[in-house]
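Given next are the chains, with one letter for each unit.
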Amino acid sequence: CTLNRQSRTRSVARSISRGAKRGPLGNPDSLHVSHGAVIIKLSNEKNPKGLGGDGNPFSWHQCTWWAWEERSDVFNTAVNAGVPRGGSRGVHQGQTVWVWDGARWFYNAQRAGIPTGQTPVAGALVGWDEHTGNPWGHIAYVESVRSSTSIVISDCNGFTLVCASRAINPHNYAGPLEGYVYGG
């Protein structure tokens, strides 16, 4: 939890008396982690998202992980159209860069014929290109649109591993704006 910009951690434990049956304390299928912090009980869902149960191929709490959680259709459609599932694109700024880095979702969507554009739309992905200090770029999910210069996004930050929603100006955010991925 965060309170006044200070992180707080709470542990929950349960003691088991000597001689008790062994086994799990809870059913992991009954929980879902949303935005990396909120735990919600689910009634009928067997595979919680992002915990390996739904096949997310990206590292937990990276921007690409969140993009896949929100719009796996973009990834799946592009892969079905011939975009590689993964692999290195080489080295840039001294770092290994990947086929599905944040900066590549927009271009991979275009390569696959998925509709893209420059107008923000709720439900789209929004991508920013690589820039100095970040050779991977960034990808986020558009929650709502206030105007062309004010959108609400949800995303995860691979540097801090924090997921959140916030209003931003997409033209002044995380590097050069590539555009929006609509279909998938």
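Worth saying up front: this structure is predicted, and the values here are computed from it rather than measured.

A.B. asks: Would you mind going over the overall build of the chain in detail, with residue names and values included?
C.D. replies: A count of helical and extended segments in the chain gives two helices and 12 strands. The order of α-helices and β-strands along the chain, N terminus first, is β-β-β-β-α-β-β-α-β-β-β-β-β-β. Every one of the 184 residues in the chain was classed for burial, and the buried ones make up 35%. Restricting the contact set of the chain to residue pairs at least 6 apart, pairs at least 24 apart contribute 52%. For the chain, the accessible surface area stands at approximately 10,900 Å², while carbon and sulfur atoms represent 49% of it.

A.B. asks: Can you explain the environment of Ala 112? Please cite residues and give values.
C.D. replies: Along the polypeptide, Ala 112 turns up in the loop between α2 (105-111) and β7 (116-117). For Ala 112 and Ala 78, which are 34 residues apart along the polypeptide, the C-alpha to C-alpha distance reads 5.0 Å. Not counting the four nearest positions on each side in its chain, Ala 112 is found in contact with Thr 77, Ala 78, Ala 81 and Val 83.

A.B. asks: Could you give an account of the nonpolar core, with specific residues and numbers?
C.D. replies: Of all hydrophobic cores here, the largest spans 24 residues; its most connected members are Trp 100, Trp 105 and Leu 125. The set of elements that each furnish at least two residues to this core consists of α1 (63-80), α2 and β9 (138-147). Considering every element that reaches this core, the biggest residue donor is α1, with nine residues. Ile 151, Ile 153, Ile 168 and Leu 177 belong to the second-largest nonpolar core, a separate cluster that totals 11 residues.

A.B. asks: Kindly report on the sheet that holds β7, identifying the contributing residues and their values.
C.D. replies: Here we have six strands laid out as an open sheet, ordered β7-β12-β8-β9-β10-β11, and antiparallel in their pairing. Among the strands making up the open sheet, the edge pair consists of β7 and β11 (162-168). Sheet topology note: the β9/strand β10 (residues 150-157) ladder contains five bridges and is antiparallel. When the sheet's bridge partners are listed, Ser 147 is paired in β10 with Ser 150. Strands in contact with α1 are β8 (125-128), β9, β10, β11 and β12 (177-181); relative to β9, the strand with the most contacts, it is inclined by about 70°.

A.B. asks: Pulling in residues and values, what's your account of the environment of Arg 111?
C.D. replies: Mapped onto the elements of the fold, Arg 111 is located in helix α2. For Arg 111, a relative accessible area of 57% translates into the label exposed. Taking the C-alpha atoms as reference points, Arg 111 and Ala 81, separated by 30 residues in sequence, lie 8.4 Å from one another. Ignoring anything within four residues of it in the chain, the contact list for Arg 111 reads Gly 82, Val 83 and Pro 84.

A.B. asks: Go over the confidence of the model for the chain with me, naming the residues and quoting the values.
C.D. replies: Taken as a whole, the chain shows an average pLDDT of 78; of its residues, 70% reach a score of 70 or greater. Mean pLDDT values over the elements of the chain span from 32, in strand β4 (residues 38-41), up to 97, in α2.

A.B. asks: Account for the pattern of salt bridges, with residues named and values stated.
C.D. replies: Applying the stated criterion across every chain, the model contains three salt bridges. When the shortest N-O distance is used, the salt bridge between Asp 101 and Arg 89 registers 3.5 Å. You can see Asp 101 sitting in the loop between β6 (95-98) and α2 and its partner Arg 89 sitting in strand β5 (residues 88-92), a full 12 residues away along the chain. For Arg 89, a relative accessible area of 34% corresponds to the partly exposed category. Between Asp 155 and Arg 166 there is a salt bridge; the shortest N-O distance is 2.7 Å. Linking Asp 155 in strand β10 with Arg 166 in strand β11, this pair joins segments that are 11 residues apart in sequence.

Reading guide: rules and limits
- Residues numbered from 1 in each chain as written.
- Predicted model: local features only at pLDDT ≥ 70, side-chain atom pairs only at ≥ 80, totals over all residues.
- Heavy atoms only, no water.
- Helix = DSSP H or I, 4+ residues; strand = E, 2+ residues; numbered from the N terminus.
- Buried < 20%, exposed > 50% of the residue type's maximum accessible area, 1.4 Å probe, protein only.
- Contact = heavy atoms within 4.5 Å.
- Areas by Shrake-Rupley, 256 points an atom, 1.4 Å probe, with all protein chains shown as cover.
- Core = buried A, V, L, I, M, F, W, Y, C linked by side-chain atoms within 4.5 Å.
- Pairing = 2+ DSSP bridges.
- Axes fitted to C-alpha atoms, helices over the stretch in contact; angles between N-to-C directions.
- pLDDT = per-residue confidence, 0-100.
- Salt bridge = Lys/Arg side-chain N within 4 Å of Asp/Glu carboxyl O.

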